[in-house]
Amino acid sequence: MSVSSAVRHKANLHHETSGGYITEIDGMRAIAVMSVFIFHLNKNYIPGGFVGVDVFFVISGFLISTLIIAALDAGRFSYFQFYQRRIARIAPAATVTVVAALIAGMLLYDRQDYASLGANAAAAMLSVMNFKQLFEGGYFKASVDAQPLIHYWSLSVEEQFYVFFPVFMHVVARFWRKNCAAILIGLCVLGYIASIILTPRMPVAAYYLLHTRAWELLVGAALAVLKRDGKVAGWPAPGLRMNIGLILVCLGMIFARGDGFPGWIAILPVGGAALMLSAAGGQAATEPGFVARVLSWPVLVFIGKISFSLYLWHWVVFSFLNYSLYDYSQYVAYIGMVVLSFLAAILSYYYIEAPSRKYLNAPGHMKFAFAMFVATAAIISLAGWSIRRSNYLSAPEKSIASGGIAVNGDKAPALLLMGDSQGAMYAHDIAQIARARSLRANLLAAAAHNELPEEDGTQWPKVEQYLHGRHFALIIVAQAWGAKLPADGVTHMQHALDRLLPYADRIMLIGQLPNVPENASRMAIATGAVHLPVYEPEERLRQRLRAQSVLARLSGPKVTVLEIADLMHNADGSLRLIAPNGRIAYHDAGHLSSSGQLILHDRLDRAIADALKGTGAELTAH
């Protein structure tokens, strides 16, 4: 089907409004999705292109509110039918995209990134991605190639909004029908003020959470009520509103920045979108001005029609291509991103989004729609958390006193792993070694925690609670020694070892990993911001060498020190950033990826085997 013929089939382009299809709204959707698309392709092209999401919020609030108002006015509003429509509109395409990302991640990602993807898949399916990202850092600092589902945060905001909004509208329409618009406008003003106040104080929360985003959807809702009541006809001429609205949206794309958004500047895309919507249809359709004609251009209308699928798929495609093609020409990657994103979006729209929406919206399919949604959300969420737990082994704090993560738990105690995120980095390899050698291992290492005695906020009481009455052949300790050893490091560590030795035949201390520069990432290599070779930052090097000296002085008959830094250096002293399989050896500046861990695996396996000799722990040939 050609673009022009697709546009002519307006039945297939139908908006969920009581007033029928409005061509300009698809044009607005196209502008919104393409601004986000180009921003993600290269932030320098449209620095504020992310405001396309805000335009989507206003459009969504307008269209959904128009539906609710029409149903309430006709006395036929149904909560079940409302959520049936939401499921039919959102769930199929969003679910297939998540499943596709999990499959691609299984094939392309290193273990830690796949673990993160699993957790994000669960969050996306449960519509809490915005909360998850709140605890992982800002949207503008996220690495696109390791966060293929981060853009589901905006879907989470919408779905959280629509949990409460239909009930609110129902109550307002019943008891305050004449003041509905005034109430909504008042809430918009309060929400905007909250955004201005909270953005500089809690920038990440303000960006992700509903309390500073709901007003954008409410602007669309208020406009829907005003239009229903015929209160926009006296505004400036539709053509002028369209012009001013588009200018405001474009100003937002030019001047908005990640720092300080949403804040006051969000009024530009939100207000612009509201002005354009207020003029869409009606007189704008019969006497279209320049902007209305542009928004009705067949190519824009077509992109608007597939905009939801394009929004879902583009970042997933971008992520995996950036991950895999970091050492290719950036423009080769760009071509692949554009072509594959649009191909995936078109296929998704015609074979998933449109037919499933029609099928699931049928009156007789309501129960199936709800059952399908609950079942797929539950299955994928459970699968996502299983992927997270099996690919990144960091002991939950509450499990430390009971043995953390147990491997071969039916065997006699042999290995115990302790430490912070550096220890958790080795957990998967040590679990693999324990399974291969038929040894029991308990993995207590927990990211972002201290576990040795006399450390700040230490989990040592829980560790000691577990150790009491038990004896291990080998206790392995790995942590960020350079940052954590005090000035009297030898004395501090000797006290810690004295507390541990009653519970073990031997103790192994794994030396600290060399750090790569903070900016040495796949994206930096792809964009030319970083060139090989790279070297350890001087301050990190000094810290590591000081820690290495301390650990060396602790070595003795029952304490061995396993140094691994030499394996991560090339002959010229530069860092081994690229693993033998062609992937990046580092997950971040201070932690190895699973590809990097392959470099250390044989030395770690031999060191464990040597340390266990004479301890009584049975070794199975590896």
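Structural notes, computed from the coordinates.

The rules behind these values
- Residues numbered from 1 in each chain as written.
- Predicted model: local features only at pLDDT ≥ 70, side-chain atom pairs only at ≥ 80, totals over all residues.
- Heavy atoms only, no water.
- Patch = residues over 30% accessible without salt bridge, like charges linked within 9 Å, V, L, I, M, F, W, Y side chains within 5 Å.
- Areas by Shrake-Rupley, 256 points an atom, 1.4 Å probe, with all protein chains shown as cover.
- Salt bridge = Lys/Arg side-chain N within 4 Å of Asp/Glu carboxyl O.
- Helix = DSSP H or I, 4+ residues; strand = E, 2+ residues; numbered from the N terminus.
- Buried < 20%, exposed > 50% of the residue type's maximum accessible area, 1.4 Å probe, protein only.
- Pairing = 2+ DSSP bridges.
- Axes fitted to C-alpha atoms, helices over the stretch in contact; angles between N-to-C directions.
- Contact = heavy atoms within 4.5 Å.
- Phe/Tyr/Trp six-rings, centres within 6.5 Å; stacked < 30°, edge-to-face > 60°.
- Lys NZ or Arg CZ within 6 Å of the ring centre and 35° of its normal.
- Core = buried A, V, L, I, M, F, W, Y, C linked by side-chain atoms within 4.5 Å.
- Parallel < 35°, antiparallel > 145°, perpendicular 65-115°, else oblique.
- Left-handed = near helix turned anticlockwise from the far one by under 90°.
- Nonpolar A, V, L, I, M, F, W, Y, C, P; charged D, E, K, R; others polar.
- Polar contact = N/O pair within 3.5 Å; in protein donor to acceptor, adjacent residues only side chain to side chain.

Once that is clear, we can look at a nonpolar patch on the surface. Residues Ile185, Val189, Ile193, Ile196, Ile197, Trp264 and Ile267 make up a contiguous nonpolar surface patch of about 600 Å² in total accessible area. With five residues, the single largest contributor to the nonpolar patch is helix H8 (residues 180-201). Ile196 sits in the partly exposed class, given a relative accessible area of 34%.

Pairing in this open sheet of six strands is mixed, and the strands run S1-S3-S2-S4-S5-S6 from one edge to the other. Across the chains shown, the open sheet's two edge strands, defined by having one partner strand only, are strand S1 (405-407) and strand S6 (559-562). Each neighbouring strand pair of the sheet contributes to a mean axis angle of 20 degrees, computed without reference to strand direction. Its contacts with the sheet place helix H19 (residues 421-436) against S1, strand S2 (413-419), strand S3 (440-443), strand S4 (472-478) and strand S5 (504-510), and it is angled at close to 165 degrees to S2. Lying over the sheet, helix H20 (residues 460-467) contacts S2, S3 and S4, oriented at roughly 175 degrees with respect to S2.

So, about the side chain of Arg86. Within the secondary structure layout, Arg86 lies in helix H4 (residues 79-108). Since its relative accessible area comes to 8%, Arg86 is described here as buried. Not counting chain neighbours up to four residues away, the residues in contact with Arg86 comprise Ile64, Ala91, Glu158, Glu159 and Tyr162.

Once that is clear, we can look at unusual backbone geometry. With an omega dihedral of 15 degrees, the bond running from Phe261 to Pro262 counts as a cis peptide bond. Tracing the backbone shows Pro262 in the loop between helix H11 (238-255) and helix H12 (267-279). Omega for the bond connecting Leu532 with Pro533 falls within 30 degrees of zero, at 0 degrees, which places this linkage in the cis form. Relative to the elements of secondary structure, Pro533 occurs in the loop between helix H23 (522-527) and helix H24 (538-552). Its identity is not glycine, yet Asn408 carries a phi of approximately 55 degrees, on the positive side. Tracing the backbone shows Asn408 in the loop between S1 and S2.

What follows covers the packing of aromatic side chains. Summed over all chains, the structure comprises 28 aromatic pairs. Between Phe39 and Phe50, the aromatic rings sit 5.3 Å apart at their centres with planes inclined by 70 degrees, giving edge-to-face as the arrangement. Of the two residues, Phe39 is situated in helix H2 (residues 23-41) and Phe50 in the loop between H2 and helix H3 (52-73); the sequence distance between them amounts to eleven residues. Accessibility classification places Phe39 together with Phe50 in one group, the buried group. Seen in terms of ring centroids, Tyr349 and Tyr350 are 5.2 Å apart; in terms of plane orientation they differ by 85 degrees. Their pairing is edge-to-face. Taking relative accessible area as the criterion, Tyr350 reaches 29% and is therefore assigned partly exposed. By the ring-pair criterion, three or more aromatic residues cluster together here, those being Phe77, Tyr79, Phe82, Tyr83, Phe161, Tyr162, Phe165 and Phe168. The ring of Phe308 has Arg89 sitting right over it, with the charged end atom 5.0 Å from the ring centre. Taking NZ or CZ as reference, Arg213 lies 4.6 Å from the ring centre of Tyr207, over its face.

Quick look at the nonpolar core now. Counting 119 residues, the largest nonpolar core has Val98, Leu149, Tyr152, Phe165 and Leu184 as the members making the most contacts within it. It is H3 that provides the largest number of residues to this core, a total of 13 residues. The contact partners of Phe165, leaving out residues within four places of it in the chain, are Ser65, Ile68, Leu184, Leu218 and Ala221. Counting 51 residues, the second-largest nonpolar core is a separate cluster that includes Ile476, Ala478, Val516 and Ala520.

Of the two faces of S3, both are covered, the one formed by Arg440 and Asn442 as well as the one formed by Ala441 and Leu443. The pairing of S1 with S3 spans three bridges and is antiparallel. Paired with Val407 across the bridge in S3 is Ala441. As paired strands, S2 and S3 are joined by four bridges and run parallel to one another. By the bridge assignment, Pro413 is partnered in S3 with Arg440.

Side chains that differ in sign of charge can pair as their charged atoms come close. For the structure on display, the rule yields 20 salt bridges. Asp110 serves as the salt-bridge partner of Arg583, at 3.4 Å between the closest nitrogen and oxygen. Placement of Arg583 in the loop between S6 and strand S7 (586-588) and of Asp110 in the loop between H4 and helix H5 (111-125) is noted, with a sequence separation of 473 residues between them. With relative accessibility at 26%, the residue Arg583 sits in the partly exposed group. The partner of Asp420 in a salt bridge is Lys484, with the nearest N and O atoms 2.5 Å apart. Of this pair, Asp420 sits in the loop between S2 and H19 while Lys484 sits in helix H21 (residues 481-484); the two residues are 64 residues apart in sequence, bridging distant segments of the chain.

Between helix H7 (residues 152-175) and H8, the least distance of the axes is 10 Å, while the angle of their chain directions is 140 degrees. Between H7 and H8, the angle is such that the two are oblique. At the point where H7 passes H8, the crossing takes the right-handed sense. Side by side, H7 and H8 meet where Phe165, Phe168, Met169 and Val172 of the first sit next to Cys180, Ile183, Leu184 and Leu187 of the second. Class assignment of the residues belonging to the contact of H7 with H8 gives a composition of eight nonpolar, no polar and no charged.

With that settled, the discussion passes to the environment of Val490. With respect to the helices and strands, Val490 occurs in helix H22 (residues 489-500). Sequence separation of Val490 and Ser549 is 59 residues, and the distance between their C-alpha atoms is 9.3 Å. When near neighbours in sequence (up to four residues on either side) are disregarded, Val490 contacts Val550, Arg553 and Leu554.

Take the packing of H8 against helix H10 (residues 214-228) next. A pair of packed helices can be characterised by two numbers: the angle between their axes and the separation between those axes. Where H8 meets H10, the closest approach of the two axes is 9 Å, and the angle between their N-to-C directions is 160 degrees. As the angle between them shows, H8 and H10 are arranged roughly antiparallel. Of the two possible hands of crossing, H8 and H10 adopt the one that is left-handed. Of the residues in H10, those in contact with Cys180, Ala181, Leu184, Ile185, Leu187, Cys188, Gly191, Tyr192 and Ser195 of H8 are Trp215, Leu218, Val219, Ala221, Ala222, Val225 and Leu226. A breakdown of the residues in the contact of H8 with H10 according to their chemical character gives 14 nonpolar, two polar and no charged.

On to the environment of Gln160. Along the chain, the position of Gln160 falls in helix H7. The exposure class assigned to Gln160 is buried, which follows from its relative accessible area of 13%. Counting along the chain gives 32 residues from Gln160 to Val128, while the straight-line C-alpha distance between them is 8.3 Å. The contacts of Gln160, once residues within four sequence positions are left out, are Ser127, Val128, Asn130, Phe131 and Leu210. A polar side-chain atom of Gln160 sits 2.8 Å from a polar atom in the side chain of Asn130.

So yeah, pure geometry; function would need other evidence.
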